[in-house]
Structure formats: C-alpha cells, structure tokens
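What follows is each chain in one-letter form.
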Amino acid sequence: ATGSAAAEPIDESDQAYITPVTIGTPPQTLELDVDTGSSDLWVFSSHTPPSQIHGQQIYSPNKSSTAKLLEGHTWSITYGDGSASRGNVYIDNFTVGGLTAEKQAVQCAQQVSASFTRETHVDGLIGLGFSTLNTVSPKSQLTFFDNVKSGLDSPVFTADLKHGAAGTYDFGFVDKAKYSGEITYVPVNPDPGYWAFNSSGYAIGSGKFSASAITGIADTGTSLLYLPTAIVTAYYRQVEGATNSRTYGGYVFPCSSSLPSFTFGVADARITIPSAYINYAPITPGSSTCFGGLQSSSGVGINIFGDVALKAAFVVFNGGSPPTIGWAQK
Ligand SMILES: O=C(Cc1ccccc1)Nn1cnc2ccccc21
C-alpha cells in the first residue's frame, strides 16, 4: 500500500503545515500538523473545553460507531517550546492520504495550552517520531506510521514541504519526480526517539564549507532551523543591521537586508537553503523588522532541522532496520 497527502502552510511564513485526515465512522475530517519531532497523535475533541477551542475542527468519538474508549489510559505532553496538552484515548479508524490504520490510538485533548488554542488552523498533531516517545499511560501506543508500516510497499514516508505552497507527505514510496540528483542516506539514531542524524558541516552564502559534525533532529513540527551559536553568529555577522534581540528571543534584522543563503552537509551531499527562507517573518505583522529563520539552539538544548531546512529538500524517513534518513535537493 501507499498513500499521499497534502501539506498546506497555515500562514505566509510557513509557521506550520496542515494535512487533512479522516477519523471514525462516518468519517470526520480534521487537519493535523504532521510532526516528526513527537510521537503522540492528538486532536481537539468533544472533550476539549469550549473555552479552549478557537475555530478548530473537533473529533467527537461519541459520533463514531467504530470508536472505542481505551479504558483507564491518559496522556500528557509538553513540547520544547513550552506548549502542552493532555487527555484521554480512543481507538478508531484513522486515514491519511488514502492509507487507513484500523485501530489507531486517537488521543483526545481534555486540556490544551494557549498557543494551541491560538493556532486556529491546527486541529491537532500526528506524531511521526519513534513510538518510544508516545506519552499514553499505562500502555504507550503506536504512531500512525508504525501501525501501517508493515502494509506499505516500502517502510518509508517522505516530506516534500514547500515555501508558500502546498507540498506532500508520501507513505510507502519514494517519488522520483519530487527531487533532483541522488538521495543521500545517513544513519539515524532512534534512541532519543527523534529522527536524529549527523550533518557533515555548513557554509554561509558562497563561503567555504566548514566540515564539522552537527548532530540534530529532522523535525517537521518545528518552524525554524536551530543550530549551534557559533554558526548562527557567523551567519548574522554577514547581515546588515542584524542583532540578537532579547525582546524577540533571537536574531532580528531590517526586512530589507539582503541575507546570504545557508548550506548544510549530509555526508558529501549539500542542501542549500535559499536566503528567502531565512527572512522568516516580520516580528509583528507589517513591521519592517524581521525575525530570522536560523536561530541558536543554545536555548533549545538540541539542534533542530525544522521546516526552514526541510522545505529546501526532499526528505526520506526510512523506518527500515536500521532506520536511516535521506536528503535530496529539489
Ligand atoms: O518543541 C519543539 C522544539 C522547540 C522549538 C522552539 C523552542 C524550543 C524547542 N518543536 N516542536 C515539535 N513538535 C511540536 C509541537 C508543538 C509545539 C512545538 C513542537
């Protein structure tokens, strides 16, 4: 089996991407954020306090003839940016891009933090990290990918995210039409539960490539690229008027500044992020001060190749044994 689903940016800065899914019988459609940086599939639901719902679509298990409460199970998750949610768990049919997991654990939110309430376009998350990270207790649950993997033509899913346009998540196959040249695969360390890999180094603009291993995670659920401070300060030294703002929590610069591109290595391959992707967004709508798409990982605790990096490439998340991750230009 294979599947293919759209990944639509929620705003003009590609802060997140949403993917349509259907849950239950008759099918209820929601739009979820595919997140390789976590492993809980959770949704706004009929159990979510109305005061915490601000335009999101909800899943009502009591309207699904195939929904079954997973007795005595709860979940609670806090993300690196401090956002959080928690609730109870139902088992139901879950379909993405024509692929159905018959008995998917669908975690229903009974509480979401303000940042989720504010994100009106996001009805929940599909965690596609490793199932070891799933927070359901007392028995942790499998991700959608782990549930359908054995039935896929190939045990992979791919991300083709785009800047200001709809991209795709494919399941079970690698679409040659979506990339140029070759895909370079490197090992993944599944122990942290993330898609952790080593980048072989970086270059700023047309500068020389600096070979240095950068351990990071490929995280579709994070908007920006977070790298070591030394790399980030070297980058913004080349940006007229850039400053590291305590007020805004990172590097900002005049929106009119010209920015260098940023290249990262994957073994002997190179992925170049166009400068436009690093001119992420005005600090507030209409401001002439812009926030950088490349920021320091020192406050995050881990290097994150988020959407700013991912949308410059075609990425293969290979769930085989051993797991690997593949990067190609496009
Ligand atoms: O939490 C993080 C990483 C992060 C970002 C910024 C600062 C510190 C850490 N990403 N993420 C991955 N999945 C998420 C889901 C919701 C919110 C953030 C999510």
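Up top you'll find the structure we're talking about.
Remember, predicted model here, so these are calculated numbers, not experimental data.

Chemist: Any chance you could break down the pairing of strand S23 (residues 314-318) for me, citing the residues and the numbers?
Modeler: Most of S23 sits out of view: five of its five residues are buried. Side chains of S23 alternate between two faces, with Phe314, Val316 and Asn318 and Val315 and Phe317 buried alike. Bridging between S23 and strand S24 (residues 324-328) involves five bridges; their strand directions are antiparallel. Pairing of Asn318 across the sheet is with Thr324, part of S24. Connecting S23 to the antiparallel partner S24 that follows it, the hairpin turn spans five residues.

Chemist: So, the environment of Gly193: which residues are in play, and what are the values?
Modeler: Here Gly193 shows up in the loop between strand S11 (184-187) and strand S12 (196-204). Overall, Gly193 belongs to the buried group, its relative accessible area being 0%. Here Gly193 is in contact with Ser39, Gly129, Phe130, Thr132 and Leu133, once residues within four sequence places are set aside.

Chemist: Describe the pattern of salt bridges, listing the residues and the values that go with them.
Modeler: A full pass over the atoms with the stated rule returns six salt bridges. In this structure, the salt-bridge partner of Lys149 is Asp146, at a minimum N-O distance of 3.5 Å. Owing to a relative accessible area of 22%, Lys149 belongs among the partly exposed residues under this scheme. Relative accessible area serves as the criterion here: at 26%, Asp146 is assigned to the partly exposed category. A salt bridge links Lys330 to Asp160; the shortest N-O distance between them is 2.7 Å. Placement of Lys330 in the segment after S24 and of Asp160 in strand S9 (residues 156-160) is noted, with a sequence separation of 170 residues between them.

Chemist: Provide a residue-level description of the site of the ligand, including the pertinent values.
Modeler: Lining the immediate surroundings of the ligand are 13 residues, of which Asp35, Gly80, Asp81, Ser83 and Thr222 lie closest. In the environment of the ligand, an oxygen atom lies 3.2 Å from a nitrogen or oxygen atom belonging to the backbone of Asp81. For the ligand, a nitrogen atom lies 2.7 Å from a polar atom in the side chain of Thr222. Out of a free accessible area of 430 Å², the ligand has 83% covered by protein chains. More than half of the atoms of the ligand fall within 2 Å of the grid points belonging to the largest pocket. Looking at the shell around the ligand residue by residue, the class counts come to six nonpolar, four polar and three charged.

Thresholds, definitions, all that
- Residues numbered from 1 in each chain as written.
- Predicted model: local features only at pLDDT ≥ 70, side-chain atom pairs only at ≥ 80, totals over all residues.
- Heavy atoms only, no water.
- Buried < 20%, exposed > 50% of the residue type's maximum accessible area, 1.4 Å probe, protein only.
- Helix = DSSP H or I, 4+ residues; strand = E, 2+ residues; numbered from the N terminus.
- Pairing = 2+ DSSP bridges.
- Contact = heavy atoms within 4.5 Å.
- Salt bridge = Lys/Arg side-chain N within 4 Å of Asp/Glu carboxyl O.
- Near = heavy atom within 4 Å.
- Polar contact = N/O pair within 3.5 Å; in protein donor to acceptor, adjacent residues only side chain to side chain.
- Areas by Shrake-Rupley, 256 points an atom, 1.4 Å probe, with all protein chains shown as cover.
- 1 Å grid on protein atoms, 1.4 Å probe; cavity = no way out; pocket = protein on both sides within 12 Å on 5 of 7 lines; lining within 4 Å.
- Sits in = over half its atoms within 2 Å of the grid points.
- Nonpolar A, V, L, I, M, F, W, Y, C, P; charged D, E, K, R; others polar.

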